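# Structural description and commentary
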Amino acid sequence: MAKIIVVTSGKGGVGKTTTSAAIGTGMALKGYKTVIIDFDVGLRNLDLIMGCERRVVYDFVNVINQDATLSQALIKDKRTKDLYILPASQTRDKDALTKEGVEAVLNELAKDFDYIICDSPAGIEKGAQMALYFADSAIVVTNPEVSSVRDSDRILGILQSKSRRAENGDSPIEEHLLLTRYNPTRVEEGEMLSVADVEEILAIPLLGVIPESEAVLKASNQGTPVILDQAAEAGQAYEDAVARLLGEERPLRFTQVQKKGFFKRLLGG
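Bear in mind the structure is a predicted one, so any value in this text is a computation, not a measurement. (Residues numbered from 1 in each chain as written. Predicted model: local features only at pLDDT ≥ 70, side-chain atom pairs only at ≥ 80, totals over all residues. Heavy atoms only, no water.)

The subject of this paragraph is the pairing of strand β4 (residues 83-86). Burial along β4 is two-sided: the face carrying Leu-83 and Ile-85 and the face carrying Tyr-84 and Leu-86 are both buried. Looking at chain direction, strand β2 (residues 34-38) and β4 are connected through four bridges and run parallel. Pairing of Ile-37 across the sheet is with Leu-86, part of β4. Examined bridge by bridge, strand β3 (residues 75-76) and β4 share two bridges and lie antiparallel to one another. Across the sheet, residue Ile-75 finds its bridge partner in β4, namely Ile-85. Joining the antiparallel neighbours β3 and β4 is a turn of six residues, in which Asp-82 adopts a positive phi near 75°. (Buried < 20%, exposed > 50% of the residue type's maximum accessible area, 1.4 Å probe, protein only. Helix = DSSP H or I, 4+ residues; strand = E, 2+ residues; numbered from the N terminus. Pairing = 2+ DSSP bridges.)

Moving on to the side chain of Asp-136. In this fold, Asp-136 is placed in the loop between α6 (126-133) and β6 (137-142). A polar contact is formed between the side chain of Asp-136 and the side chain of Arg-165, at a distance of 3.0 Å. Other than its neighbours up to four places away in sequence, Asp-136 contacts Ala-2, Lys-3, Ile-4, Arg-165, Ile-173 and Glu-174. (Polar contact = N/O pair within 3.5 Å; in protein donor to acceptor, adjacent residues only side chain to side chain. Contact = heavy atoms within 4.5 Å.)

Applying the stated criterion across every chain yields a total of four aromatic pairs. Summarising the aromatic geometry, the rings of Tyr-32 and Tyr-115 are spaced 5.3 Å apart at their centres and angled 90° between planes, so their arrangement reads as edge-to-face. Of this pair, Tyr-32 sits in the loop between α1 (16-29) and β2 while Tyr-115 sits in strand β5 (residues 115-119), and the two are 83 residues apart along the sequence. When the centroid spacing of 5.1 Å and the interplanar angle of 80° are considered together, the rings of Phe-39 and Phe-60 count as edge-to-face. Of this pair, Phe-39 sits in the loop between β2 and α2 (46-49) while Phe-60 sits in helix α3 (residues 60-64), placing them 21 residues apart in sequence. Accessibility assignment for this pair places Phe-39 and Phe-60 in one class, buried. Above the face of the Phe-113 ring, Lys-33 is positioned so that its terminal group lies 4.9 Å from the ring centre. The ring of Tyr-133 has Lys-99 sitting right over it, with the charged end atom 4.0 Å from the ring centre. (Phe/Tyr/Trp six-rings, centres within 6.5 Å; stacked < 30°, edge-to-face > 60°. Lys NZ or Arg CZ within 6 Å of the ring centre and 35° of its normal.)

Let us now look at the UniProt feature "binding site: ATP" (unreviewed entry) in the chain. Under the present numbering, the feature "binding site: ATP" (unreviewed entry) in UniProt falls on Lys-11, Gly-12, Gly-13, Val-14, Gly-15, Lys-16, Thr-17 and Thr-18. Considering the arrangement of structural elements, one finds Val-14 in the loop between β1 (3-8) and α1. The buried category is assigned to Val-14, whose relative accessible area is 1%. When residues no more than four places from it in sequence are discounted, the contact partners of Val-14 are Ser-9, Val-141, Asn-143, Ser-148, Thr-180 and Arg-181. Of note, Thr-18 is situated in helix α1. Take Thr-18: its relative accessible area is 13%, and that puts it in the buried class. (UniProt positions renumbered as here; feature names shortened; annotations may be inferred.)

See the structure below:
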């Protein structure tokens, strides 16, 4: 049976779709058959970050409305074996997602996939609630700033009260914190919250810290998940996060200011 993981946040622009693409790709690279679903009906960014926007013919809403089959709508990733994308519709409204329709699609996917990654829109409107309702596990993405962390705390309340697991009295959704756009220098200067600050406020297990990096923007513009750029710190940090999600213990990296060596200081590097 597939494990359903929702990637969510209270605030927009924190890196949810980048995270969904990286985590989904990382799972597939580990040998798990993985599908990433874009729940952001009306906007649709996952296909751009995955570099498959020109291959979209049918979408998630077409499958829900039975205008197309899953096999017609699923896009197989060209770079990573065992990875598929189910794009969102750009022309529909979020009300096109019904609980019954989403459940039917997830049940069908669960027959063939090990992991289903749900890329949620920001906030608490219908699309976001649909993405988290059926989840077994949640990755809450936040930036190290007060407004982002506060909004994430609100999402945690919804995960704990409005999911199928909560309604049925089952074991709660596993919660994981992913801190993105982290800059240790700015933390030292008091411009950002520290890892410890965010952990204290949200009080959920830390999955990983993704450093602020130009590589993320570059990867997005190229339509490539940043986890495939193993020369980039952000790519390495996402790879660590995937390993932890699968139960491996790894030390946190990229959370301290790197001291310059003697020759770098001498040469002004």
